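Now for the letters of each chain:
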Amino acid sequence: MHRKSVAQWLVRFFVALAVLLLPQALAQAQEQKAVQQGAAQQPGAAQGQPAEAQRQATQPGNNAPMWRDVRSGDINAYQTTQVRGRETNILIQTEGEMWRRVRNGPVTVYGGWLVVIAFLVILLFYWRRGEIMLHEPRTGREILRFTSWERIVHWTTAIVFVILAVSGIFMLFGRYVLLPIFGYPIFSALTVLGKNLHNFLGPLFVVCTLLMVFTFIRDNFFRSYDWTWLRKFGDFLKGRHVPAGRFNAGEKIWFWLGVLTLGAVVSVTGLVLDFPNFGQTRETMQVANVIHAVAAVGYIALSLGHIYLGTIGLEGSYDAMRHGTVDEAWAKEHHDIWYREVVAGRERPAGSSPTGAPASAMKEGGKA
Amino acid sequence: MARMKFLCDAERCIECNGCVTACKNENEIPWGVNRRRVVTLNDGLPGEKSMSVACMHCSDAPCMAVCPVDCFYKTSEGVVLHDKDLCIGCGYCFYACPFGAPQFPQDGAFGLRGKMDKCTFCAGGPEQDHSAAEFRKYGRNRLAEGKLPACAEMCSTKALLGGDGDVIADIYRTRVTTRGKGSDVWGWGTAYGKPETQAPAQPQPGAKS
């Protein structure tokens, strides 16, 4: 049993490592492609050359074609510099202004309001409806819902996520919101700390995301009853009974859209930004930065809903992830299909061993 | 108050890289950092031109706009400076700058770039003028000594001009309007067409010879 889980863990680790190394390989391939493209651009540059040479012959001293090329940021093989370094032979890069407008404009403004509005909507909901309570009295019998491995993966990811989210918010919105509160020296010191935490914990978050996906994917495939759940989402918020497996449709959406999709997007773009030593161009990093910020803001907005329902929004849900067990009444009310499978012994209680008897997972009395 | 500007006359720049060396020497810039560089366009082809480029001290500076900690400031003379004590080394100014002016001492993994360094128009930084701390972080404060930037001051062909924008504009305008003669004069070809087609044309009485 133990040996088996270790082997399982090793397999997961190496798959994670392989996926982790993929972006680096891609970046290198891209670099090679860029070099090849640069070589291929030379004839094109020579093609553009006669325009300038012709202009020199007809209108001496008129360098308009050349300056147009410089202004457009088009680089050719005849643009050189003695100063070593990346992109030092580019006189003017025009993409930076576009990046500035997109980042300082829609990304900051709409992104900021998205987070604020998501928070306010949840606050309003909590104020109007309050916590969704259990309808049946607690039975006192506990069912194992999350194994210790699942809880370790979840909480590591969660803590890293919160640190990344807060430091990211500092870097994107802090100047407008927090700088006036803290003042320059304190805000700068906090942002230096945040930036370094962000850059060093970022790669850990990539690992966490992979572990999350491998750990929880099994119970997150959509089933037919998930459509019923989605149709009755309003009933769920009103605290009425809706059918759900081990994870309900909302949790599944959070898994596929948040953890997997947005997690993958912020991971890949984050690695591009975090390792400038691989020689990415400014344009690559500008694009990566915008995608990173948009995905991260969306992820943060979604996470607010997940955190709310996992803590103060739904009675008993925090204890499930904190201690790993849930009351039978809670399981029956919120995850009835999973509960019936556990009781019938068809389903392992919390995804540990398929042969594990449900009775062994059930414990009398209080929480472990 | 003067509005400080750089101007590089591409007709005069000979790519000697003297400005780069002068800047490095005057400000004792660390290895790997180049506040100024010379870019040659159409290198080895007819119409080759060179340009010296550094921070252009923009009126609407993109670096100032994107800095997450707002560490940039503009002096009353229009010089864009930054506070290295506030800089977090994120590299955003480098993404935004059209001229590639912001420099970082490192390019390490995990985004460890060090504090940003860039051309100060030889105007130091927020520290006390001529203090040791100012020199260590930002280099010489020549403006406070009543001098102009070292790069422009030593330029052997006076291609690179640095100083009050009005004065520089006057110098450059004079150069442009008096440079060359006959059909070499700037704008002649644009106004009157190809030089070789002018001569065979019917000689007009009173036409320039």
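Residues numbered from 1 in each chain as written. Chains lettered and ligands numbered in written order. Predicted model: local features only at pLDDT ≥ 70, side-chain atom pairs only at ≥ 80, totals over all residues. Heavy atoms only, no water.

The subject of this paragraph is the overall build of chain B. Within chain B, the secondary structure is distributed over eight helices and six strands. Its helices and strands taken in sequence order, chain B reads β-α-β-β-α-β-β-α-α-α-β-α-α-α from the N to the C terminus. Looking at chain B residue by residue over its 209 residues, the buried ones come to 52%. The long-range share in chain B, meaning contacts at least 24 apart out of those at least 6 apart in sequence, stands at 51%. Accessible area for chain B stands at about 9,700 Å²; split by element, carbon and sulfur atoms hold 56% of it. (Helix = DSSP H or I, 4+ residues; strand = E, 2+ residues; numbered from the N terminus. Buried < 20%, exposed > 50% of the residue type's maximum accessible area, 1.4 Å probe, protein only. Contact = heavy atoms within 4.5 Å. Areas by Shrake-Rupley, 256 points an atom, 1.4 Å probe, with all protein chains shown as cover.)

It is common to report an interface's size as the accessible area lost on association of the parts. Each partner contributes to the interface: chain A provides 57 residues, whereas chain B provides 60 residues. Taking both sides of the interface into account, the surface hidden between chain A and chain B amounts to around 4,800 Å²; carbon and sulfur atoms contribute 57%. Of all residues in chain A, Leu91, Arg100 and Arg175 of chain A bury the most surface against chain B, accounting for 13% of the area lost on that side. Taken together, chain A and chain B are joined by three salt bridges. Across the salt bridge formed by aspartate 70 of chain B and arginine 175 of chain A, the nearest N and O atoms sit 3.1 Å from each other. (Buried area = accessible area lost by both parts, 1.4 Å probe. Salt bridge = Lys/Arg side-chain N within 4 Å of Asp/Glu carboxyl O.)

Residue and element names in this part refer to chain B. With the rule as written, the count across this model stands at zero disulfides over all chains. Among the cysteines around cysteine 13, which has no disulfide bond, cysteine 8 carries the closest sulfur, lying 4.6 Å off. Between cysteine 67, a cysteine without a disulfide, and cysteine 71, which holds the nearest cysteine sulfur, the sulfur-to-sulfur distance is 3.8 Å. (Disulfide = S-S within 2.5 Å.)

What follows covers empty space enclosed by the protein. Tallied over the full model, the rule gives nine cavities of 30 Å³ or more. Computed from the structure, the largest cavity encloses a volume of approximately 690 Å³. Lining the largest cavity are 35 residues, and of these Gly168, Met171, His198, Leu273 and His292 of chain A lie nearest its centre. Contributing elements (two or more residues each) for the lining of the largest cavity: helix H4 (148-177), helix H6 (184-216), helix H9 (249-274) and helix H10 (282-310) of chain A together with helix H3 (92-96) of chain B. (1 Å grid on protein atoms, 1.4 Å probe; cavity = no way out; pocket = protein on both sides within 12 Å on 5 of 7 lines; lining within 4 Å. Points joined across faces, edges and corners; volume = space filled by probe spheres on them.)

Judged by nonpolar contacts, the single largest core of 68 residues is most densely connected at Tyr299 of chain A together with Phe72 of chain B. Those residues in contact with phenylalanine 72 of chain B, other than ones at most four positions away along the chain, are Cys63, Met64, Cys67, Val80, Leu81, His82, Cys93, Met116 and Lys118 of chain B. Counting residues in each nonpolar core, the second largest holds 33 residues, with Met51, Phe99, Cys151 and Ala152 of chain B among its members. (Core = buried A, V, L, I, M, F, W, Y, C linked by side-chain atoms within 4.5 Å.)

All names here are of chain A. Tracing the backbone shows valine 109 in helix H3 (residues 95-129). By relative accessible area, valine 109 is classed as partly exposed at 41%. Residues valine 109 and phenylalanine 173 lie 64 residues apart in sequence; the distance between their C-alpha atoms is 8.9 Å.

To continue, consider the packing of H3 of chain A against H10 of chain A. All names here are of chain A. As a packed pair, H3 and H10 sit with axes 10 Å apart at the nearest point and diverge in direction by 0°. With respect to their mutual orientation, H3 and H10 come out roughly parallel. Of the residues assigned to the contact of H3 with H10, the class counts are 18 nonpolar, six polar and three charged. (Axes fitted to C-alpha atoms, helices over the stretch in contact; angles between N-to-C directions. Parallel < 35°, antiparallel > 145°, perpendicular 65-115°, else oblique. Nonpolar A, V, L, I, M, F, W, Y, C, P; charged D, E, K, R; others polar.)

As a further point, take the packing of H4 of chain A against H6 of chain A. All names here are of chain A. At their nearest, the axes of H4 and H6 sit 7 Å apart, and the two run at 145° to each other. By crossing handedness, the relation of H4 to H6 is classed as left-handed. Along the lines of polarity and charge, the residues of the contact of H4 with H6 split into 18 nonpolar, 11 polar and three charged. (Left-handed = near helix turned anticlockwise from the far one by under 90°.)

Approximately 30° is the largest bend angle found in H9 of chain A, and it occurs at glycine 263 of chain A. For H9 of chain A, the capping residue at the N-terminal end is asparagine 248 of chain A, with a side-chain oxygen 3.0 Å from the backbone nitrogen of glycine 250 of chain A. (Bend = angle between axes of the 7 residues up to and from the residue. Polar contact = N/O pair within 3.5 Å; in protein donor to acceptor, adjacent residues only side chain to side chain.)

Let's shift gears to the pairing of strand E3 (residues 49-53) of chain B. Within a regular strand, side chains alternate between the sheet's two faces. All names here are of chain B. The element E3 is extensively covered by neighbouring structure, given that five of its five residues are classed as buried. Neither face of E3 is left uncovered, since the one carrying Lys49, Met51 and Val53 and the one carrying Ser50 and Ser52 both have all their residues buried. Where strand E2 (residues 37-41) meets E3, five bridges bridge the pair, whose relative direction is antiparallel. Of the residues in E3, the one forming a bridge with leucine 41 is lysine 49. (Pairing = 2+ DSSP bridges.)

Attention shifts here to the side chain of histidine 198 of chain A. Residues and elements named next belong to chain A. With respect to the element layout, histidine 198 can be found in helix H6. Its relative accessible area of 17% is what places histidine 198 among the buried residues. When near neighbours in sequence (up to four residues on either side) are disregarded, histidine 198 contacts Leu164, Ser167, Gly168, Met171 and His292.

As enumerated under the stated definition, the model contains 26 salt bridges over all chains in all. We note a salt bridge from arginine 179 of chain B to aspartate 9 of chain B, for which the minimum N-O separation is 2.4 Å. Remark: aspartate 9 of chain B occurs in the loop between strand E1 (4-8) and helix H1 (18-27) and arginine 179 of chain B occurs in the loop between helix H6 (165-178) and helix H7 (188-192); sequence separation between them is 170 residues. Its relative accessible area of 27% is what places arginine 179 of chain B among the partly exposed residues. Here aspartate 85 of chain B ties to lysine 137 of chain B by a salt bridge, and the two come within 2.9 Å at their closest N and O atoms. Of this pair, aspartate 85 of chain B sits in the loop between strand E5 (80-82) and H3 while lysine 137 of chain B sits in helix H4 (residues 132-138), placing them 52 residues apart in sequence. Classification of aspartate 85 of chain B by relative accessible area gives partly exposed; the value is 46%. Beyond isolated ion pairs, a larger network of salt bridges with shared partners links Glu97, Arg100 and Arg101 of chain A together with Asp60 of chain B.

In short, geometric facts, not functional conclusions.
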